[in-house]
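Remarks on the overall topology
Listed here are the chains, written in short residue letters.
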Amino acid sequence: MADKLVADKHVRYILMAEKKKESFESVVMDHLRMNGAYWGLTTLDLLEKLGSVPQDEIVSWVMSCQHESGGFAGNTGHDPHVLYTLSAVQILALFDKLNILDVGKVSSYIAKLQNEDGSFSGDMWGEVDTRFSYIAICCLSILKCLDKINVGKAVGYIVSCKNLDGGFGCTPGAESHAGQIFCCVGALAITGNLHRVDKDLLGWWLCERQVECGGLNGRPEKLPDVCYSWWVLSSLIMIDRVHWIDKAKLVKFILDCQDLDNGGISDRPDDAVDIFHTYFGVAGLSLLEYPGVKPVDPAYALPVDVINRILLTK
Amino acid sequence: MHGRPRKASEPGEDADSAAKAVKLRSLQSQFMSNHHGKIYTKVAIELSTELLKINPEAYTAWNYRKLAVEDNLSRIESDPDLVKSILDEELSVVESALMQNFKSYGAWHHRKWVLSKGHSSIGNELKLLDKFQKKDSRNFHAWNYRRFVVELTNRSKQDELQYTEDMICKNFSNYSAWHNRSVLVSSLLANRADGFMPNEKIPEELDFVHNAIFTEPGDQSGWFYHLWLLDQTVDVETPLLASSWPSHGCSIILSGPGCLNDSSSKFTTFCSESGSFPLIIYFDQAVGGVSSSTVTIDSELKGNEDLVWEPVSGKNSQVSCGWVTRMKYFSSEPIVRKEYKVKVRVGNSPGIISSRGGCNFSAPCEFFFTAHVHDAAVKDSEESIVSWTDEFDIWDAQSEDLNSFVSLGRLNAEMDLNWRQEALAKEVELFRQLSDSKIGKLTLARLLMASEAMASDDTVKGAHYEEILQLYNDLMALDSSHYQYYKDMHSVAFLHKVTSSTESLSRYLFRYRNMNNLVCLRLNNLSLSRIASVEKLLFVQMLDLSHNELHSTEGLEAMQLLTCLNLSHNRIRSFSALDSLRHVKQLRVLDVSHNHIGKHSVDTTRYLCSSPLSNSEWTQDEVGRQKPSLVTKYWDAYFVLRDMSLKQLDVAGNVIAGDEFNSFVLQVMPKLVWLDGQKLRT
Ligand SMILES: [Zn+2]
């Protein structure tokens, strides 16, 4: 049982993770190192420790993952995909280094992936998913070139994925899932279209994700998991219904998922920690106004000061 | 990483893991060199097979295989056997990858991609899926793939509906199956398929879902399906006009800015410097297509030929329950007192369309009112302070005039009410038996609210509110984790009760003597956490919501007549929570003192307001150019306040208030006269 956030240990865990490159687990994750870097670095920034990483080295590695098409790969040598393009842009935003990007090239890569019906493919192979709609919209908004896509059609497609329970799925007719709901609500928030959400219906579905122990699950009758602290909470915040859950109980659940000895946060108490859940745990605590954690933006998934710096200044 | 126990590694395990890592690393680097060298030989392809068996998430390897397939297909011309064997090989690689990792997006997509190449063995796909769905009946990848195959093979919706029924009968705790059922049933209902008329099918489905809910009330699988059916029972697809301001048959007085001398009039007096007044129509559901051709106006008031209608929440939203247009009543020549009849016809030509089912507003309806236009004002009251303590006259509850303000909801006579009322009555009776459980109480409260909305007999109207309020009180105690949800619903029910009759409403109505006898509604000190029933309050000009638990003004944008608003002692956390007030063009007096503005690091209305964060268009003004850092710091106050024309503002008692903030406010709102009770100019 933990009663507080062991922030120093989490910072050390993140900085160490980089050095354990040769374990099987990290080789399996090799192809999504860009996501891993975003999770780790954002966590560090939320804990005010971004200064402890070699910024120039990371930035040049990020740029080495850029493909000639403009998109970014999950790691050097891999193929480009929007999943990693967003992480790359987010990392550069954290370091206030967006100016080194060829914005025209990156935004063209994303804009070309929009389909006739408004949806987005993840890469040239045509997998369609509302996750990619969110990524495209989030990324282009950070780069201030949403005008490169048809926003109206993009929004129309997202709304066509709305279900009768108020949630959203990855394609029209697909079941609601908290991760997918975050993507759709986030994209609607960024484009100023939250009035297309049935806030009370979705809010009830989302607040019923809180289970007895205080944790949140991602779909009805599933186990709670720290990563849903982010997806459910950020969605509830964006639609202004976060007061419908018991925040204190959720804080306790997240704290209980910490590895108090070696740092890091896991999906459920006493499971193995990883960088993904460490990020979602800390970001969740930020949304819960936990002291000592910087506020995070619920739609862009970056610290509020980073997003305000980019979007509120001309 | 999910569901892996945290433990110290056993001896030998590290070495084991390291050896596996070395093997995988070497496979990966060989694969990369094949990929970059565009080598698609048999050996090279097999290497990628091996890699994907160990790591189905290696997305670049799936991409490589697609390139290899295309390369190989281009060499063999069109030998159907060869094509089939190449594609079969891909399907089997996918299958073994899925055995290893059920949730691999890359593997599922690869399968779809292979099928899109024209593979003939689509018939096998449903069999394969049955195998997967037996193992994990909630896997959403499998369900998505199922919908994809069903569409590709043109399998009938009825057959798929039977499949969901089989799955549910095996185990009703399968939300995925209930979800798919809702998709199928709603599509069959919308197409009026054989046996899917709402009046027959919805009661049938209600019976079907009862089994699940009554067997295990704590299991959520059936909850949302039941709520959807309830909505289908209550919601009518064709939109109805719920209310308007001015309301049917009423008289209003229109004048220039300032005060009229004879303010004893029982009519609503509306003063404006712009010489126009808002005409508001409110529908029972969000609609689009309100325009000067779908709503026609017949009056002698000049200059109102091509009126522009806008949603009350601003022109960015395409659909809305409330719509407003501004009618001119002053032309260049001075007018001596005159009376005008105004006739409004809603649904004159087709085009008002529901956002719900795309249905047309079908029954055109008409209302009229009388406008008395007065000469410009006599007494100037612009600079005086509005007080929330004195100068209120109690409403004469006996007076007839209230009826002319309040237009209570009307039900469409054409609507098929019978089966709906019957179904509701049956549900109420049934759920009373479940009223010791959370879902039983909540459903009962919702059913009773629906019964109120559906009641066609005036004598039974309002009979259920006490019970509903009690149910929500019980729920707050029973399920404290969701306390605020029930609290909000309690507020909604309470406001429905208040507005359910002119008699109950009149208890909260006053006249503000100091300013043209403004119609004032005082809903202070009621522990309200939520605003509701605004469509019945369109006539209110002064609203006291002080000493409640509100954290947002969402909904107030419909009250276009509001001139004075008191929100002091509530739980407003930021100026963005007041965004809806930007659309209330008449608002001059706002009290948000003693709230929580500036106290919290998380702003829950950050994206519900119009700002660069939600990519709304904005132009920089003088303040933005001169004080960029203050604009970033107080961005919500900046974007919300600069669109308001307030004369009087109270912000004291908030964390944000202070010299720096107050002087920023003065720059953003140069026309402000009173700030925190202090007169700014003489
Ligand atoms: Zn998780």
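Refer to the structure above for everything that follows.
Our subject in this report is the structure included herewith. Everything quoted here is computed from the prediction, not taken from an experiment.

1. Quick look at the overall build of chain B
- A count of helices and strands for chain B gives 21 helices and 19 strands.
- With the principal axes as the frame, chain B shows a C-alpha extent of 95 × 65 × 55 Å.
- Classification of the 682 residues of chain B by burial places 55% in the buried group.
- Surface accessibility of chain B: about 29500 Å² in total, with carbon and sulfur atoms responsible for 50%.
- Charged side chains of chain B number 73 positive and 87 negative; the gap between the two group centres comes to 4 Å.

2. Describing the packing of helix α6 (residues 123–135) of chain B against helix α7 (residues 140–153) of chain B
Residues and elements named next belong to chain B.
- For the pair α6 and α7, the least separation of the axes is 10 Å and the interaxial angle reads 160°. Overall, the two elements α6 and α7 adopt an arrangement that is roughly antiparallel. The interaxial crossing formed by α6 with α7 has left-handed handedness. Taking contact as the criterion, the partners of E125, L126, L129, D130 and Q133 in α6 are, on α7, A142, W143, Y145, R146 and V149.
- Split by residue class, the contact of α6 with α7 holds 6 nonpolar, 1 polar and 3 charged.

3. Focus on the sheet that holds strand β8 (residues 338–346) of chain B
Residue and element names in this part refer to chain B.
- As summarised here, the arrangement of the 5 strands in space is β3-β2-β10-β8-β5, forming an open sheet in which the pairing is mixed. Lying at the two open borders of the sheet, with one neighbouring strand each, are β3 (268–271) and β5 (295–299). Pairs of neighbouring strands in the sheet enclose a mean axial angle of 30°, with direction left out of account.
- Summarising the sheet, strand β2 (residues 251–255) and β3 pair through 4 bridges and their orientation is parallel. Among the inter-strand pairings, I252 is bridged to a residue of β3, identified as T268.

4. Here we look at the environment of B:S320
Residues and elements named next belong to chain B.
- By secondary structure assignment, the location of S320 is in strand β7 (residues 320–328).
- For S320, a relative accessible area of 8% translates into the label buried.
- With 263 residues separating them in the primary sequence, S320 and E57 have C-alpha atoms 44 Å apart.
- Once residues within four sequence positions are removed from consideration, S320 is found in contact with Q285, A286, V287, P311, V312 and S313.
- Within the structure, the side chain of S320 is placed 2.7 Å from the backbone oxygen of G322, a separation counted as a polar contact.

5. Observations regarding the side chain of B:H109
- Residue position: B:H109 is located in helix α5 (residues 105–116).
- For B:H109, a relative accessible area of 12% translates into the label buried.
- For B:H109, the side chain forms a polar contact with the main-chain oxygen of A:W125, separated by 3.0 Å.
- One polar contact links the side chain of B:H109 to the main-chain amide nitrogen of A:E127, over a distance of 3.5 Å.

6. Here we look at the packing of aromatic side chains
Residue and element names in this part refer to chain A.
- Throughout the structure, instances matching the rule amount to 41 aromatic pairs over all chains.
- Judged by centre distance (5.0 Å) and plane angle (50°), the rings of W231 and F280 are tilted. Separated by 49 residues along the polypeptide, W231 in helix α11 (residues 227–238) and F280 in helix α13 (residues 275–287) bring together distant segments of the chain.
- Look at F280 and you get buried, because its relative accessible area is 5%.

What counts as what
- For every chain, the first residue of the written sequence is number 1, and numbering continues from 1 along that sequence.
- Chain A is the first chain written and ligand 1 is the first ligand written, with later ones labelled in order.
- At least 70 in pLDDT is required for a residue's local features to be given in this predicted model, at least 80 for side-chain atom pairs to be given and counted, and no such filter applies to totals for whole chains, interfaces and linings, which use all residues.
- Values reported for side chains reflect all heavy atoms of the structure, with hydrogen atoms and water molecules removed beforehand.
- Note on conventions: DSSP H or I runs of at least 4 residues are helices, E runs of at least 2 residues are strands, and numbering of each starts at the N terminus.
- Note on exposure labels: buried denotes an accessible area under 20% of the residue type's maximum, exposed denotes more than 50%, and partly exposed covers the range between, all computed with a 1.4 Å probe on protein chains only.
- Calculation of accessible area relied on Shrake-Rupley with a 1.4 Å probe; when residues are assessed, cover is drawn exclusively from the protein chains displayed.
- The charge count treats Lys and Arg as positive and Asp and Glu as negative. His and the chain ends do not count.
- For this purpose, a charge sits on NZ of Lys, CZ of Arg, CG of Asp or CD of Glu.
- A fitted line through C-alpha atoms serves as each axis, taken over the contacting stretch for helices, and the angle formed by two N-to-C directions is quoted from 0 to 180°.
- Here the word oblique covers every angle except those under 35 degrees (roughly parallel), over 145 (roughly antiparallel) and from 65 to 115 (roughly perpendicular).
- Take the far helix as your reference; a near helix turned counterclockwise from it by less than a right angle gives a left-handed crossing, and one turned clockwise gives a right-handed crossing.
- Two residues qualify as a contact provided that any one of their heavy atoms is within 4.5 Å of a heavy atom in the partner residue.
- Under the scheme applied here, ten amino acids are nonpolar (Ala, Val, Leu, Ile, Met, Phe, Trp, Tyr, Cys and Pro), four are charged (Asp, Glu, Lys and Arg), and all others, including Gly, are polar.
- Pairs of strands are assigned from DSSP output, requiring at least two bridges between the strands.
- Under the rule applied, a polar contact is a pair of N or O atoms within 3.5 Å (in protein, one hydrogen donor and one hydrogen acceptor; residues adjacent in sequence only if both atoms are side-chain atoms).
- Aromatic pairs are defined between Phe, Tyr and Trp rings, using the six-membered ring for Trp, whenever the two ring centres lie within 6.5 Å; interplanar angles under 30 degrees are classed as stacked, those over 60 as edge-to-face, and all others as tilted.

Without other data, these values stay purely geometric and don't point to any function.
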